[in-house]
Amino acid sequence: MSETTQGVRVQSGSRALRAGVELLSSMRFAISLLTVICIASVIGTVLKQHEPAVNYVNQFGPFWAELFGALQLNAVYSAWWFLLILAFLVVSTSLCIARNTPKFLSDIKSYKENVREQSLRAFHHKAEAALAEGTEAEARRIGGMLASGGWKVRLQQRDTAAGPGTGWMVAAKAGAANKIGYIAAHSAIVLVCVGGLLDGDLIVRAQMLLGGKTPYAGGGLIADVKPEHRLSERNPTFRGNLVVAEGTQSGTAILNQSDGVLLQELPFAVELKKFIVEHYSTGMPKLFASEIIIHDKATGEKTPARVEVNHPASYKGIEIYQSSFDDGGSLLKLRAVPMAPGAQPFDVEGVVGGSTQLTNKGGAAGGDTMTLEFTALRTINVENFAGAPNMSGADVRKVDLRESVESRLGAANKTVTKKELRNVGPSVSYKLRDAAGQAREYHNYMLPVDTGDGTPVFLLGVREAPSEPFRYLRVPADDQGSMDGFVRMRAALADPAARDKAVRRYVAQAIEPSRRELAEQLSQSASRALAVFAGAMPAAPGKPTGGLQAISDFMEANVPEAERSRAGEVLIRILNGTLFELVQLTRENAGLKPLEQDDRTRAFMTQAVLSLSDAVMYPAPMAFELKDFTQVQASVFQVARAPGKNIVYLGCALLILGVFAMLYIRERRVWVWLSPQEQGSHALMALSTNRKTMDGDKEFVQLAQKLIGAQPHTGHS
């Protein structure tokens, strides 16, 4: 803003005070503060703000999460140090403006007509010429020509220094708005910072510090929260979230703080009549809007409004923005699918966001009390199935549909293969929390999904932590389109009597009755293979008790390496045969007709064997299948009273004008000193500009030729 980086120099006071004022008002200090603010803004943009603390722990680890919390990097724009820097920047820039504005205003008004002839000869741009008319006539002619060209002109008559007679000084100036640009740009910084302080957490923090307000870290109903955690509806500035489910209304916003929340009372209540969401073919929302009614608490007046993204509603100086949407407490009906021996199916109902206790529902494997937490319902799940047949060779314990999509994305989301987007229907997410408080998250699809191999499967996802991707168990759908066939098959596999019966039926079909010795050997092999696969045989420490891996471990321990390949083929053929008879046995007991030996049955059995093998490692005694739901939408609004908004707008306008003035308006001054000569007058012309450019050189040449008819020269005499 000025030609020096020094600040205001105070003549009185202690040395420390004078040094502090000089530093605070200096340009170098303001630039340093702007640099820190820019770095903090980058951090606030890159690092997600106001996330739950556990998210930072999962993503960065305990050390960095604790460091982020200590430095408040998870809430940069409301951190005390960020607000303090803004305040210092306001003071520093204001002092800088106060120091330079009087001088600039004085320069704008001044024509500097008292400049001496010797000083003009020292200018870079100068020219001399002899004129025919007298000094006064030439001065008025030159002044008139400059005025007609848009210059502001002042004429001064004064005695010459080199002899008798009087001379005339023509002083002209143009582009004085350049200095106004400096003032406007620096004033804009002050206004934007003041607006940021007003619309930030400064007022809220002041109420917490001086008014005894404290964040609320507990749970329960909003109506039960005590007054010390509530802010008055007369609060001059705030920005919070308001969650309203369809058919309900709310008049209390939530202001998130690092150690809890504050409740902001609103002068009105928002009722959500209808939430509208439209999706692209990719499943991403392209429009979400809310039809609302605003209920005035003082008058009872009802005002209908529609809120969309980038189209907020305004009431009593408070803006209501459409932020996002959420589940408003959808009703769920789930069925427990047994995944462990002894578990029994049962039905359970709940509400998204709620929980229920499960006790002794899983036999020996699930006899402890568990808490079932209903976390989310998604009615639309669009996945990319391009190249899906390749998925059949993937690890069935990690079939991640999102990974399947992202693996086909290249730079700038250019896909290397054609997309095949398909809506696979609703899904439900829930958590099972044990008595120690440990929880796993589950994500199950309601409908069977054909992943490309022709066998529809139910996808049952599980993960240990939110930072991990879901791993999916693929359960094949039976001929009725349900998981009942798999459930019956798993229950029969855990039943020794059912296994023995299946083995006898398999041996009877594979060996002629007359070959008793061979039938006995096959019966022993089949019984052992089925028992190992079912987990009925003791396993070595650290080894899985059941599944195909148990079969592999058994062969490594009991079959010579040279014979394992052939023995393995025989053993798998025997296992598949006995499992097929086991399926037929379960269907017979259920009163269903036997499966036909066709391609569809073979595909079902292939997937069933894989699923039974992987089900051994499923970490819960039951999986919950979504049977029915009643969706209830909720809209998430951001409500804000922002008195600093107009101040920021004014600051932005001043910044644009100031930058434009500084970059595109050149301040120029022209002096023509006319001294008397015998045959007329002598003219000495000089020009100064705040920036040396080729345009300035060209303009001086044109002015010199036009005003005094001289060919100018540059340099110092």
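Residues numbered from 1 in each chain as written. Predicted model: local features only at pLDDT ≥ 70, side-chain atom pairs only at ≥ 80, totals over all residues. Heavy atoms only, no water.

(A) Representation of the sheet that holds strand β13 (residues 346–351). Spatially, three strands are ordered β13-β12-β23 in an open sheet, and the strand pairing comes out antiparallel. Two strands lie at the open edges of the sheet, namely β13 and β23 (622–630), each paired on one side alone. Neighbour-to-neighbour, the strand axes of this sheet turn through a mean angle of 30°, independent of strand direction. When strand β12 (residues 331–338) meets β13, the two strands line up antiparallel, connected through six bridges. (Pairing = 2+ DSSP bridges. Helix = DSSP H or I, 4+ residues; strand = E, 2+ residues; numbered from the N terminus. Axes fitted to C-alpha atoms, helices over the stretch in contact; angles between N-to-C directions.)

(B) Fine view of the pairing of strand β11 (residues 318–327). Of the strand pairs in this sheet, strand β10 (residues 313–315) and β11 are connected by three bridges, and their pairing is antiparallel. Within β11, the position partnered with A313 by the bridge is I320. As defined by bridge partners, β11 adjoins strand β24 (residues 633–641) across eight bridges and the pair is classed as antiparallel. Across the sheet, D327 pairs through a bridge with Q633, a residue of β24.

(C) Broad picture of the environment of Q521. Position of Q521 among the secondary structure elements: in helix α13 (residues 516–534). A relative accessible area of 44% places Q521 in the partly exposed class. With 14 residues separating them along the chain, Q521 and V507 place their C-alpha atoms 9.7 Å apart. (Buried < 20%, exposed > 50% of the residue type's maximum accessible area, 1.4 Å probe, protein only.)

(D) Broad picture of empty space enclosed by the protein. Here the structure, examined in full by the defined rule, presents one cavity of 30 Å³ or more. Estimated volume of the largest cavity: approximately 70 Å³. Counted by class, the lining of the largest cavity contains two nonpolar, six polar and two charged residues. (1 Å grid on protein atoms, 1.4 Å probe; cavity = no way out; pocket = protein on both sides within 12 Å on 5 of 7 lines; lining within 4 Å. Points joined across faces, edges and corners; volume = space filled by probe spheres on them. Nonpolar A, V, L, I, M, F, W, Y, C, P; charged D, E, K, R; others polar.)

(E) Broad picture of the packing of aromatic side chains. Inspection of every chain in the model, using the stated rule, returns 17 aromatic pairs. For the ring pair Y430 and F624, a centre distance of 5.4 Å and an interplane angle of 85° mean the geometry is edge-to-face. In this pair, Y430 sits in strand β18 (residues 427–433) while F624 sits in strand β23, placing the two residues 194 residues apart along the sequence. Grouping residues by exposure puts Y430 and F624 together as buried. Above the plane of the ring of W151 lies R668, whose end atom (NZ or CZ) is 5.2 Å from the centre. (Phe/Tyr/Trp six-rings, centres within 6.5 Å; stacked < 30°, edge-to-face > 60°. Lys NZ or Arg CZ within 6 Å of the ring centre and 35° of its normal.)

(F) Highlighting unusual backbone geometry. One non-glycine residue with positive phi stands out, namely N310, at about 70°. Here N310 lies in the loop between β9 (302–308) and β10. For N310, a relative accessible area of 72% gives the class exposed. For K316, which is not a glycine, the phi torsion comes out positive at approximately 55°.

(G) Highlighting the packing of helix α3 (residues 53–60) against helix α4 (residues 62–71). Contact geometry of α3 with α4 gives a least axis separation of 7 Å together with a crossing angle of 135°. On the basis of their axis angle, the class for α3 and α4 is oblique. The way α3 lies across α4 gives a crossing that is right-handed. For the pair α3 and α4, contact is made by Y56, V57 and F60 and by P62, W64, A65 and F68, respectively. Taken together, the residues of the contact of α3 with α4 break down into seven nonpolar, no polar and no charged. (Parallel < 35°, antiparallel > 145°, perpendicular 65-115°, else oblique. Left-handed = near helix turned anticlockwise from the far one by under 90°. Contact = heavy atoms within 4.5 Å.)

(H) The side chain of E699, seen in detail. Residue position: E699 is located in helix α18 (residues 694–707). Once you skip the residues sitting within four places of it in the chain, E699 turns out to touch W151, R666 and R668.

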